[in-house]
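Residue-level structure breakdown
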Amino acid sequence: MTKQLSGKRIADVNITQPKCLNLPAKRFRRVIGKRVNETTARGKWLFTNLHPDILLLNLGMGGDLIYHKNEATIPQKYQLRISFKDESALTASFFWFGYIHLVSEKELPKHKMTYDLGISALDKELTPEMFASLLSGRRGAIKSFLLDQSNISGIGNVYVQDPLFKAKIHPLRLIPTLTPREIQDLHTSIREVLNRSLKLGGLRYERNLYGRNGNYGPENFLVAYKTGKPCPACKTRIAKIKTGSTASYICPSCQKL
Ligand SMILES: [Zn+2]
């Protein structure tokens, strides 16, 4: 988004579902005429700088954010369309629980839904040392720590499974029982799994800015969603277990509690 949209000037906005907004649609129109600057991400939230405002987008349980040049490629149903002066446009469409918020740069640190998001799992500043320090003094199970977006943002239930398997850690292991070596391995595995998916354009059912589907599919998963299949390391059958409110996929031999 930073590469494709930076420098464009907003010509118009169309909002079909004002419920997704954090302010009246009329006030949202103040973005018209603004220039688009960089976009950053933390967890499910995208932050696009429209100095002096920040546009915050969250596609909720799934949706599309598509950049397009002509009407033929515009998604039929959408919540937000931003048209640019060069006649290209950005259209957001989602099913449910999506948000389109606008706050000033000054208000951003107080924005209730994003202010306590943890560092992004792919942030360069999340070094092995920082990862270890985030875990130090914590007492719960490792999986719930990783899923809690206020600790680290960007790891959901799909992407938490394989890093735990690669590091040979059971999802219910309590954080104080993890060795420095295991913590280091987990940090490495998280990066490997997320970067691999990024490289392949994300999950197959997800679409990128240009509407193209990703290539990260079941054949890339190690244990995730592979109940009954052989473990890629030891051939033991992969088990699906309940871990709190989420399901986990583990190799019972490689990931002992
Ligand atoms: Zn195994």
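Remarks on the packing of aromatic side chains
Within the structure shown, the criterion is met by 6 aromatic pairs. An aromatic cluster is present here, built from Y159, Y216, F221, Y225 and Y249 joined pairwise through their rings.

Let's talk about the pairing of strand β12 (residues 246-250)
Taken together, the 5 bridges between strand β11 (residues 239-243) and β12 define a ladder with antiparallel strand orientation. Following the sheet pairing, A239 is matched in β12 by I250. Between the antiparallel neighbours β11 and β12 lie 2 residues, among them G244 with a positive phi of about 65°.

Considerations on the coordination of the zinc ion
Protein-derived ligands of the zinc ion are C231 (SG), C234 (SG), C251 (SG) and C254 (SG), with the metal-ligand distances lying across 2.2 to 2.4 Å. Given 4 donor atoms and angles of 102 to 115° at the metal, the environment of the zinc ion is assigned as tetrahedral. Here the donor residues of the zinc ion are spaced in sequence according to C-x2-C-x16-C-x2-C. Of the two residues, C231 sits in the loop between α6 (180-199) and β11 while C254 sits in the segment after β12, which places them 23 residues apart along the sequence. Summarising the burial analysis for this pair, C231 and C254 share the class buried.

Overview of the environment of K242
Structurally, K242 can be placed in strand β11. Along the sequence, K242 and F165 sit 77 residues apart, while their C-alpha atoms lie 16 Å from each other.

Side note on α6
Helix length check: α6, at 20 residues, gives a terminal C-alpha distance of 29 Å against a target of 28 Å (1.5 Å per residue), a fit within 8%. For α6, the set of buried residues is E182, I183, L186, H187, S189, I190, R191, V193, L194 and S197. Tucked into the core, α6 has its buried residues touching α3 (128-135), α4 (142-147) and α5 (157-166).

What about the sheet that holds strand β7 (residues 89-94)?
Overall, antiparallel pairing links the 4 strands, which are arranged β1-β6-β7-β5 in an open sheet. Looking at the sheet topology across the chains shown, the edges are occupied by β1 (10-15) and β5 (63-68). Sheet twist, expressed as the average angle between the axes of neighbouring strands with direction ignored, equals 10°. With 4 bridges joining them, strand β6 (residues 80-84) and β7 adopt antiparallel strand pairing. Each bridged residue has a counterpart across the sheet, and for I82 the counterpart in β7 is L90.

Some details on the nonpolar core
Judged by nonpolar contacts, the single largest core of 26 residues is most densely connected at F131, I142, L146, I152, I155, L186 and I190. Within the residue set of this core, elements represented by two or more residues are α3, α4, α5 and α6. Residue contributions to this core peak at 5 residues, all from α6. The contacts of I190, once residues within four sequence positions are left out, are A121, F131, L146, I155 and P163. One finds V31, V36, L80 and I100 within the second-largest nonpolar core, a separate group that totals 24 residues.

Some details on the pattern of salt bridges
Evaluated as defined, the whole model comprises 8 salt bridges. With its nearest N and O atoms 2.5 Å apart, the salt bridge here joins D86 to K8. Placement of D86 in the loop between β6 and β7 and of K8 in the loop between α1 (2-5) and β1 is noted, with a sequence separation of 78 residues between them. On the basis of relative accessibility, which here comes to 11%, the residue K8 falls in the buried class. With a closest N to O distance of 2.9 Å, D64 and R207 form a salt bridge. Here the residue D64 occupies a position in strand β5, and R207 occupies one in the loop between α6 and β11, the gap between them amounting to 143 residues. Exposure remark for D64: the relative accessible area of 15% places this residue in the buried category. Accessibility expressed as a relative area gives 35% for R207, which makes it partly exposed.

What counts and how
Residues numbered from 1 in each chain as written. Predicted model: local features only at pLDDT ≥ 70, side-chain atom pairs only at ≥ 80, totals over all residues. Heavy atoms only, no water. Phe/Tyr/Trp six-rings, centres within 6.5 Å; stacked < 30°, edge-to-face > 60°. Pairing = 2+ DSSP bridges. Helix = DSSP H or I, 4+ residues; strand = E, 2+ residues; numbered from the N terminus. Donors = N, O, S within 2.8 Å, 3.2 Å for Na, K, Ca; no water. Tetrahedral: all angles 85-135°; square planar, octahedral: opposite > 155°, others 65-115°. Buried < 20%, exposed > 50% of the residue type's maximum accessible area, 1.4 Å probe, protein only. Expected span 1.5 Å × (residues − 1). Contact = heavy atoms within 4.5 Å. Axes fitted to C-alpha atoms, helices over the stretch in contact; angles between N-to-C directions. Core = buried A, V, L, I, M, F, W, Y, C linked by side-chain atoms within 4.5 Å. Salt bridge = Lys/Arg side-chain N within 4 Å of Asp/Glu carboxyl O.

Honestly, it's all geometry; don't read function into it.
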